[in-house]
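Letter by letter, the chains look like this.
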Amino acid sequence: MDMAWQKTQLLLLALVAAAQGGQPRTPRAKTDLINVCMDAKHHKTKPGPEDKLHDQCSPWKKNACCSVNTSRELHKDTSLLYNFNWDHCGKMEPACKRHFIQDTCLYECSPNLGPWIQQVDQSWRKERFLDVPLCKEDCESWWEACRTSYTCKSNWQKGWDWTSGSNKCPAEATCRTFESYFPTPAALCEELWSHSYKVSNYSRGSGRCIQMWFDPAQGNPNEEVARFYAMAMTAGAMSHGMGPLLLSLALILQLWLLG
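What this report covers is the structure whose coordinates are included nearby. (Residues numbered from 1 in each chain as written. Predicted model: local features only at pLDDT ≥ 70, side-chain atom pairs only at ≥ 80, totals over all residues. Heavy atoms only, no water.)

1. Some details on the pattern of salt bridges
- Inspection of the entire model under this criterion finds nine salt bridges.
- The partner of D77 in a salt bridge is K91, with the nearest N and O atoms 3.1 Å apart. One end of the pair, D77, is in the loop between α2 (68–73) and α3 (94–109); the other, K91, is in the loop between α2 and α3, and 14 residues separate them in sequence.
- For K97, the salt bridge goes to D87, with nearest N and O atoms at 3.3 Å. In this pair, K97 sits in helix α3 while D87 sits in the loop between α2 and α3, placing the two residues 10 residues apart along the sequence. Each member of the pair K97 and D87 is classed as buried.
- When salt bridges with common partners are traced through the structure, they connect D77, D87, K91 and K97 into a single cluster. (Salt bridge = Lys/Arg side-chain N within 4 Å of Asp/Glu carboxyl O. Helix = DSSP H or I, 4+ residues; strand = E, 2+ residues; numbered from the N terminus. Buried < 20%, exposed > 50% of the residue type's maximum accessible area, 1.4 Å probe, protein only.)

Written as structure tokens, this is what we have:
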């Protein structure tokens, strides 16, 4: 029994060492999912304080991936960031435009989107985020604010006429209400930017969904959300990657004990 116990201890130590050191490598390391900036056109290389972030971007001033100039520019009707015109089908309602500005602030400024960053092969960025779990109330309020404004497309990521230098509706497109193109809140939030967001079943304050709007005096709630999903992804990848090795070691342990 003494020999069997010694062998068991050796195998247990091997299992622990394997579990600690056997995480699979990916283009963006699993430990690099928290407090990071995307590799995109206007993003900083690393997040940091920006005390003078403009207006709706100011909630991120303690730790931001955007510069002051970027935060100012994105508040314009047609900004130089992407030459994108919100008013492509007439004047967008101010309440609706506030949501689009907030969406852009989140995209440009947030350091808490690491778990959803994906590599892309696009001329203006090398990374994007995909299926970010947006809190359901934030999506619903966005849709309510915009349902009576007008647009001509359901996917704003592609298909525009750029011949004038800024986006215009393609010749065959018709300007109709947002509600016509996006009959539900989920249709708006998920289809608008090619599934950058996925509407969550969780509510604001749950720690399980990303908030587009938050009070910086209460801290940034998206930090907790990023940590939760980063830990879940790391644990899942580790479990998946270690499965065959752990099974092999378990079989070796049985053979040793039988010997």
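There is more to say, and it comes next.
2. As for the pairing of strand β1 (residues 117–122)
- In terms of strand pairing, β1 meets strand β2 (residues 125–129) through four bridges, oriented antiparallel. Paired with Q118 across the strands is R128, a residue of β2.
- Remark: two residues form the turn of the hairpin made by β1 and β2, two consecutive strands paired antiparallel. (Pairing = 2+ DSSP bridges.)

None of this, on its own, says anything about what the molecule does.
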